[in-house]
Amino acid sequence: MPPRIDSDLCQKCGTCEDSCPVDVIYFHPDEGVVEIRYPDECWHCGSCRQDCPAGAIKIVFPPIMANV
Ligand code: SF4
Ligand code: SF4
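Now for a look at the structure at hand. (Residues numbered from 1 in each chain as written. Chains lettered and ligands numbered in written order. Predicted model: local features only at pLDDT ≥ 70, side-chain atom pairs only at ≥ 80, totals over all residues. Heavy atoms only, no water.)

Moving on, we come to the overall build of the protein. A tally of regular secondary structure across the protein gives 3 helices and 4 strands. Viewed in the frame of its principal axes, the protein has a C-alpha envelope of about 40 × 20 × 15 Å. Taking all 68 residues of the protein together, 32% fall into the buried category. Pairs at least 24 apart in sequence give 49% of the contacts found in the protein among residues at least 6 apart. Of the accessible surface of the protein, which amounts to about 4600 Å², a share of 49% is contributed by carbon and sulfur atoms. (Helix = DSSP H or I, 4+ residues; strand = E, 2+ residues; numbered from the N terminus. Buried < 20%, exposed > 50% of the residue type's maximum accessible area, 1.4 Å probe, protein only. Contact = heavy atoms within 4.5 Å. Areas by Shrake-Rupley, 256 points an atom, 1.4 Å probe, with all protein chains shown as cover.)

Moving on, we get to unusual backbone geometry. Despite not being glycine, Asp23 shows a phi value in the positive range, around 60°. Residue His44 is not a glycine yet carries a positive backbone phi of 60°. Looking at the secondary structure, you find His44 in the loop between strand E3 (33-36) and helix H2 (47-51).

Turning next to the site of ligand 1. Residues in close proximity to ligand 1 total 13 residues, the closest being Cys10, Gln11, Cys13, Cys16 and Cys52. Considering only residue class, the shell around ligand 1 consists of 9 nonpolar, 3 polar and 1 charged. (Near = heavy atom within 4 Å. Nonpolar A, V, L, I, M, F, W, Y, C, P; charged D, E, K, R; others polar.)

Glancing now at the pattern of salt bridges. Inspection of every chain in the model, using the stated rule, returns 1 salt bridge. Between Arg37 and Glu35 there is a salt bridge whose closest N-O contact spans 3.4 Å. (Salt bridge = Lys/Arg side-chain N within 4 Å of Asp/Glu carboxyl O.)

Where strand E2 (residues 25-28) lies against E3, 4 bridges are found, and the strand directions are antiparallel. The partner of Phe27 across the bridge, within E3, is Val34. Hairpin geometry of E2 and E3 is characterised by an intervening segment of 4 residues between the two adjacent antiparallel strands and by a positive phi of about 70° at Gly32. (Pairing = 2+ DSSP bridges.)

Turning next to the nonpolar core. The biggest cluster of nonpolar side chains holds 13 residues, and the ones touching the most others in it are Cys16, Val24, Ile25, Val34, Cys48 and Ile57. Of all the elements in the fold, those that place two or more residues in this core are E2 and strand E4 (57-59). (Core = buried A, V, L, I, M, F, W, Y, C linked by side-chain atoms within 4.5 Å.)

This is the structure in structure tokens:
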């Protein structure tokens, strides 16, 4: 499952796009919109959540990983 962005908290900085090692996230600079472009490719590594300055990202783990 992909990360979830809280649009109320998001500061539209684009950091999450730079943090993602597999380009799951695309930031539209003109619109200031974060798009989860390739949700099935998410590794659940947590880099985007860790680097987000606004605490706007929540990682939703698939059930098989939730008990690890
Ligand atoms: S890093 Fe956080 S605040 Fe910045 S664009 Fe991504 S979700 Fe929004
Ligand atoms: S958890 Fe990791 S792989 Fe998934 S979107 Fe965030 S940075 Fe990319």
